[in-house]
Amino acid sequence: MEENKTAVQVDYRKVFSEIWKRKKIYFIVVPTIIVLSSLYIICIPRTYTTDTEIIPETSNDAMTGGSSTLSSLASTFGFDMSAMKSEDAITPLMYPDLMNDNGFIIQMLKIKVSNSENTLHTDYFTYLYKHQKAPWWEKMINSIKYMMSSKNKEEAKDNNIKDPYHISRKQNKLVEKVRQNVSIKVDKKTGSITIGVTDQDPLICKTVADSVRGQLERFIINYRTKKVREDYEYYKKLTEEAHKDYQKQRQLYGSFADADEEVILESYRQKQEELENEMQLKYNTYTTMSHQMEAARAKVLAKTPAFTLVKGAAVPVKPDGPKRLFFVLVWTILAFIGTSLYVLRNILLPQNE
């Protein structure tokens, strides 16, 4: 079978002539799109973005010595050997998953914030609930929904959430809003943690970034030191009990010795020696527990990671979005292309004879 292929040639002179002939359509459509797209994008609130970067100290005995070369080689290919050999159940690569936990998000809602104009001083929950800018059509829709539904009105206003895993629908919207505004990313090669925050106010943007960084540091410290802190609290309790027993026995021995210091009976000396031996045993127990407590305290300090601040959160100077000029330009180009396709439809489309 033979296929006949017909090459379509475009007469550009005819195209430009047709466009010029129907230029009134362009003078109507293109300016209209420019005005409408401008009115639309102006109603969209501007947002600011900032980020902060930290590197937590990692201690991993398995990666010391000769295997450090293997770790360096693996990092060049994007593999984090320290994360794979870590004794911790939660590796640094899992820190971004904390944003999926309501309990972690609820702690963010308690952050105290102030806007850049210094006219607002409240918590992050109230700020997101009452002081967010929105397009007029979104406000209208939300007002209609609010009037039509009486359920969860009071629950949404209450920022004292008792159970972070049992919240109302409106409170859940605020939690999802935080997930949209805050991001946690971990670099597999360097182990650095980057916290990014987007918000409508530049100062609140920085405040939230710093607060989330502190909250993440506390989580890491509490997790890595949980076992040794429990050991420390256990030995501290035993030390306090041993000290009380020793003090009680010492007072008992002192009272007995002061009351009968002129008595030389053998029974007295035996009793005094018995109390003295008991006091010494109590003291030895107290000393042993004290040493155990100090050793546990040293383990807590050894397990507590240090954090290096690589990049601090700065107050953003320029808004991150929306890109108003770019938005209007794109719609203007699309309007011109769409109008041209309509005007030149008879030229571009093949004619059936």
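Owing to the predicted nature of the structure, the values given are computational and were not obtained by experimental measurement.

Trainee: Explain the overall build of the protein to me, and be specific about the residues and the numbers.
Mentor: Looking only at helices and strands, the protein features 14 helices and six strands. Scored against the burial criterion, the 353 residues of the protein give a buried share of 31%. For the protein, the accessible surface area stands at approximately 24,100 Å², while carbon and sulfur atoms represent 56% of it.

Trainee: Give a detailed account of the environment of Pro 319, specifying residues and quantitative values.
Mentor: Tracing the sequence through the fold places Pro 319 in the loop between strand E6 (307-311) and helix H13 (324-343). A sequence separation of 120 residues divides Pro 319 from Asp 199, and the C-alpha atoms of the two residues are 9.6 Å apart. Excluding anything up to four places from it in sequence, Pro 319 contacts Arg 46, Thr 47 and Tyr 48.

Trainee: Give me the sheet that holds strand E4 (residues 182-186): which residues, what numbers.
Mentor: Pairing is antiparallel in the open sheet, where four strands are placed in the order E4-E5-E1-E6. If you trace the sheet from one side to the other, it starts and ends with E4 and E6, each paired once. Each strand of the sheet is rotated relative to its neighbour by a mean of 25°, with strand direction disregarded. Here strand E1 (residues 48-56) runs beside strand E5 (residues 193-199); their pairing, made up of seven bridges, is antiparallel. What sits directly across from Ile 54, in E5, is Ile 193. Sheet strands touched by helix H9 (residues 169-181): E4 and E5. Its angle to E4, the strand with the most contacts, is close to 45°. Lying over the sheet, helix H10 (residues 202-224) contacts E1, E4, E5 and E6, oriented at roughly 145° with respect to E5.

Trainee: Quick rundown of the nonpolar core? Include the residues and the values.
Mentor: In this structure, Met 108, Tyr 124 and Val 182 are the most contacted members of the largest nonpolar core, which totals 35 residues. Counting only elements with at least two residues in this core, the list comes to helix H5 (102-108), helix H6 (124-130), H9, E4, E5 and H10. When residues of this core are assigned to their parent elements, the largest contribution, seven residues, is made by H10. One finds Val 15, Val 30, Val 343 and Leu 344 within the second-largest nonpolar core, a separate group that totals six residues.

Trainee: Lay out the pattern of salt bridges in plain terms, naming residues and giving numbers.
Mentor: Under the criterion given, the structure shown has eight salt bridges. A salt bridge links Glu 18 to Lys 21, with the shortest nitrogen-to-oxygen separation between them at 3.7 Å. Taken together, the residues span about one helical turn, with Glu 18 and Lys 21 both in helix H1 (residues 12-21) at a distance of three residues. Taking relative accessible area as the criterion, Lys 21 reaches 61% and is therefore assigned exposed. Taking the shortest distance from any N to any O, the salt bridge between Lys 311 and Asp 51 comes out at 2.7 Å.

Trainee: Describe in detail the environment of Asp 320, supporting the description with residues and values.
Mentor: Locating Asp 320 in the fold gives a position in the loop between E6 and H13. Relative accessible area serves as the criterion here: at 41%, Asp 320 is assigned to the partly exposed category. Counting along the chain gives 273 residues from Asp 320 to Thr 47, while the straight-line C-alpha distance between them is 5.8 Å. The contact partners of Asp 320, leaving out residues within four places of it in the chain, are Thr 47, Tyr 48 and Thr 49.

Each value, and the rule that gives it
Residues numbered from 1 in each chain as written. Predicted model: local features only at pLDDT ≥ 70, side-chain atom pairs only at ≥ 80, totals over all residues. Heavy atoms only, no water. Helix = DSSP H or I, 4+ residues; strand = E, 2+ residues; numbered from the N terminus. Buried < 20%, exposed > 50% of the residue type's maximum accessible area, 1.4 Å probe, protein only. Areas by Shrake-Rupley, 256 points an atom, 1.4 Å probe, with all protein chains shown as cover. Contact = heavy atoms within 4.5 Å. Pairing = 2+ DSSP bridges. Axes fitted to C-alpha atoms, helices over the stretch in contact; angles between N-to-C directions. Core = buried A, V, L, I, M, F, W, Y, C linked by side-chain atoms within 4.5 Å. Salt bridge = Lys/Arg side-chain N within 4 Å of Asp/Glu carboxyl O.

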